[in-house]
Amino acid sequence: MAKISRTLLSAWLLTLHVQLCTGSVEPLPSLPYDLQYYLDTCHGTGDLNDKPAELAFWGAMQMYVSKFCEENPSMTTSEKAFLQKTVTTSFAPISASGRGKRQATRPRLRKEIRTMTITERARYFNALTRLKRDTRLRPNIYDVLAGFHTGANMQRAHFGPAFTGWHRLYLWILESFLRLHDPEVTVPFWASVLDNEMEDPTESVIFSGAFFGPGVGLPTSGPFRGWQQINPATVFNRNVGGGQLYTYEGIDAILRRRRNSELLFPTAEADSNFEEQHGGPHIFVGGTMNDLNAAARDPIFFSHHSFVDQIWERFRYNQRAAGIPTETDYPWVPNDPRYNPAQSPTNITGFFPDGQLNLDYIQITGYSDAFFQLVQYEQVPTCPLCGGSQYLRCNPTTNRCMSRSIAEMRTANVDIDTLPGLEQAAPGRKKRLIAYKENNAV
Ligand SMILES: [Cu+2]
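Okay, so let's go over this structure.

Conventions and cut-offs
Residues numbered from 1 in each chain as written. Predicted model: local features only at pLDDT ≥ 70, side-chain atom pairs only at ≥ 80, totals over all residues. Heavy atoms only, no water. Helix = DSSP H or I, 4+ residues; strand = E, 2+ residues; numbered from the N terminus. Buried < 20%, exposed > 50% of the residue type's maximum accessible area, 1.4 Å probe, protein only. Contact = heavy atoms within 4.5 Å. Areas by Shrake-Rupley, 256 points an atom, 1.4 Å probe, with all protein chains shown as cover. Donors = N, O, S within 2.8 Å, 3.2 Å for Na, K, Ca; no water. Expected span 1.5 Å × (residues − 1). Disulfide = S-S within 2.5 Å. Axes fitted to C-alpha atoms, helices over the stretch in contact; angles between N-to-C directions. Parallel < 35°, antiparallel > 145°, perpendicular 65-115°, else oblique. Left-handed = near helix turned anticlockwise from the far one by under 90°. Nonpolar A, V, L, I, M, F, W, Y, C, P; charged D, E, K, R; others polar. Polar contact = N/O pair within 3.5 Å; in protein donor to acceptor, adjacent residues only side chain to side chain. Pairing = 2+ DSSP bridges. Phe/Tyr/Trp six-rings, centres within 6.5 Å; stacked < 30°, edge-to-face > 60°. Lys NZ or Arg CZ within 6 Å of the ring centre and 35° of its normal.

Summing up its helical and strand segments, the protein chain has 15 helices and six strands in all. Taken across its 442 residues, the protein chain has 57% of its residues classed as buried. Sequence-distant contacts in the protein chain: of pairs separated by 6 or more residues, those separated by 24 or more amount to 74%. Looking at the protein chain as shown, the accessible area adds up to about 17900 Å², and 53% of this sits on carbon and sulfur atoms.

Bringing the coordination of the copper ion into the picture now. Of the protein atoms, only His149 (NE2), His158 (NE2) and His167 (NE2) coordinate the copper ion, at distances of 1.9 to 2.0 Å. Here the donor residues of the copper ion share one chain and are spaced in sequence as H-x8-H-x8-H. Each member of the pair histidine 149 and histidine 158 is classed as buried.

Next up on the list: helix 13 (residues 300-321). With 22 residues, helix 13 should cover 32 Å at 1.5 Å per step; its first-to-last C-alpha distance of 32 Å lies within 8% of that length. For helix 13, a buried count of 17 out of 22 residues is recorded, marking the element as mostly surrounded by other parts of the structure. In the stretch just after helix 13, glycine 323 is the one whose phi turns positive, near 80°.

Turning to the state of the cysteines, a few remarks are in order. Summed over all chains, the structure comprises two disulfides. Covalent S-S linkage joins cysteine 383 and cysteine 394, the inter-sulfur distance amounting to 2.2 Å. Residues cysteine 383 and cysteine 394 share a disulfide whose torsion about the S-S bond is about 110°; that sign makes it right-handed. With a gap of eleven residues between them, cysteine 383 in the loop between strand 4 (375-377) and strand 5 (392-395) and cysteine 394 in strand 5 connect regions that are remote in the sequence. Accessibility expressed as a relative area gives 16% for cysteine 383, which makes it buried. The disulfide bridge from cysteine 386 ends at cysteine 401, spanning 2.2 Å between sulfur atoms. On the sign convention where negative is left-handed, the bridge of cysteine 386 and cysteine 401, at about -95° about the S-S bond, is left-handed. Of this pair, cysteine 386 sits in the loop between strand 4 and strand 5 while cysteine 401 is found in strand 6 (residues 400-403), placing the two residues 15 residues apart along the sequence. Under the relative-accessibility criterion, cysteine 386 is labelled buried at 1%. Indicated for the protein chain is the disulfide connectivity 1-3, 2-4, based on numbering the bonded cysteines in sequence order.

For the rest of this paragraph, the subject is the packing of helix 12 (residues 274-285) against helix 13. When two helices pack together, their arrangement is captured by the angle between the axes and the distance separating the axes. Look at helix 12 against helix 13: their axes get within 11 Å of each other, and the N-to-C directions meet at 155°. When the axis of helix 12 is compared with that of helix 13, the two are roughly antiparallel. The hand of the helix 12/helix 13 crossing is right-handed. Here helix 12 contributes Phe274, His278, Pro281, His282 and Val285 to the contact with helix 13, which in turn contributes Ile300, Phe301, His304, His305, Val308, Ile311 and Trp312. Partitioning the contact of helix 12 with helix 13 into residue classes produces eight nonpolar, four polar and no charged.

Turning our attention to the environment of isoleucine 254. You can see isoleucine 254 is positioned in helix 11 (residues 248-256). Once the C-alpha coordinates of isoleucine 254 and tryptophan 312 are considered, the two residues, 58 residues apart in sequence, prove to be 8.6 Å apart. Every residue in contact with isoleucine 254, bar those within four places of it in the chain, is listed here: Leu263, Ser272, Phe274, Gln277, Ile311 and Phe315.

If you check helix 4 (residues 77-91), its first and last C-alpha atoms are 21 Å apart, about what 15 residues at 1.5 Å a residue would give, namely 21 Å. Buried within helix 4 are the following residues: Glu79, Phe82, Leu83, Thr86, Val87, Thr89, Ser90 and Phe91. Against helix 6 (141-146), helix 8 (163-181) and helix 14 (370-374) lie the buried residues of helix 4.

The omega torsion across arginine 138 and proline 139 is -5°, close enough to zero to call that bond cis. In the segment running from cysteine 383 into proline 384, the intervening peptide bond is cis, with an omega of 0°. For phenylalanine 159, which is not glycine, the phi torsion reads 65° and is therefore positive. Note on placement: phenylalanine 159 falls in the loop between helix 7 (153-157) and helix 8.

The next subject is the side chain of serine 306. As for its position among the elements, serine 306 is in helix 13. Those residues in contact with serine 306, other than ones at most four positions away along the chain, are Arg110, Leu171, Val187, Pro188, Phe189 and Tyr377.

Within the secondary structure layout, glutamate 112 lies in the loop between strand 1 (108-110) and helix 5 (118-133). Look at glutamate 112 and you get buried, because its relative accessible area is 0%. On a C-alpha basis, the gap between glutamate 112 and tryptophan 190 in space is 5.8 Å, while along the polypeptide they are 78 residues apart. The residues touching glutamate 112, leaving out its near neighbours within four places in the chain, are Phe189, Trp190, Ala191, Leu194 and Pro381. A polar contact of 2.7 Å, which involves the side chain of glutamate 112, links it to the backbone nitrogen of arginine 114.

What follows is about the side chain of serine 368. Residue placement: serine 368 occurs in the loop between helix 13 and helix 14. Of the polar contacts made by the side chain of serine 368, one reaches the backbone nitrogen of alanine 370; its length is 2.9 Å. Those residues in contact with serine 368, other than ones at most four positions away along the chain, are Arg316 and Glu327.

Note that strand 5 and strand 6 share four bridges and pair antiparallel. When the sheet's bridge partners are listed, cysteine 394 is paired in strand 6 with cysteine 401. The turn joining strand 5 and strand 6, which pair antiparallel and follow one another in sequence, is formed by four residues; a positive phi near 60° is taken by asparagine 399.

This part covers the packing of aromatic side chains. What the rule picks out here adds up to 30 aromatic pairs. Consider the rings of phenylalanine 301 and phenylalanine 302, whose centres lie 4.9 Å apart with planes at 75°: the pair is edge-to-face. Accessibility classification places phenylalanine 301 together with phenylalanine 302 in one group, the buried group. With centroids separated by 5.0 Å and ring planes inclined at 75°, the aromatic side chains of tryptophan 312 and tyrosine 367 adopt a geometry described as edge-to-face. Separated by 55 residues along the polypeptide, tryptophan 312 in helix 13 and tyrosine 367 in the loop between helix 13 and helix 14 bring together distant segments of the chain. Each member of the pair, tryptophan 312 as well as tyrosine 367, carries the same accessibility label: buried. Just above the ring of phenylalanine 211 sits the side chain of arginine 121; from NZ or CZ to the centre is 4.0 Å. Between arginine 316 and the ring centre of tryptophan 312, over which it is positioned, the NZ or CZ distance is 4.7 Å.

By themselves, these figures tell us nothing about what the structure is for.
Structure follows, in structure tokens:
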């Protein structure tokens, strides 16, 4: 992959800045602050000249563009109460209230999506579509939650030590809302390392109608094919094939480390830069996923982040084994300008972007060990059985599992275009299938 020089990157970003702001070319006195900040700090111990150009461009641009994309929905009192109540209830078992015993809850078991049964997959996709149709928040719950991942929150969620914890909490919140509609569902993870083993990952079953739908263009088939009609303003698109999916080598480099400071901006080691590695699949899926401000509109975002979280939990398991306290290993040096103040361990996560709600979980909450007890991950499938999944096979040469392609499944006469049990996303149909109960949110 092409390497770049700082000068070239600066020139390219400068041009882009000018196009974004004015549509015409004007000279700028210097690089915009955020771009300069990214170049100066975000590469930490890595050398920008050793970075794949695509990733460096991507990181710098996400950081920069996010500030133009603030979404400030105004909510009614009852909407606020509903949002607040659902989130607060979901966090009740892990909040350090000291008001007595923790709620006894069954852990949420998250699986690789190709090892789920057809029914489990259909139930997960149905819960997503029900959230997309659920107007208890306007325009719908799914879109409001996707809006958490925009604007000023990007400074709280990305490019610093809060990256892992913030997204862990975010996944938990989405999952809690899904469980209002189906209390059994959990967010499956997409172990893109399995697709990376393929000769052409764009041909993976992941991008079939039986999984996340087409890898190019709008969701015209697959589980989200009605989403365009539900809200044309927030429909997503894809353009698979760029970027770099997870590699076993990259994951191993992360799992060899023992401190979060070795994984996270601004001090990440070059080969175990967790957030940078996570950018690869964003670029690979392309389209909406390629723009962090809109990425959560594509549900594949949450399964990608479920995998990010699965890797982090494996890292934390190693930390525990080495006697390192996971809850306090939050890399932070007060008054060091390389650290973004929005990512101070005591700063708010800011889930509701305009701060109207009192959902002021602080950044270090994401490092809480309580999640270890309430969420469990299955392993990434391994040879020879590969989780017993018909969508995976063991590559005997590498002794690693890999995804099957859509063509392989067709040759084997397995229906890969439809998913039995999928509910139609008919617009305007309001049906609350499972009534909200105070205690079924977890
Ligand atoms: Cu993010």
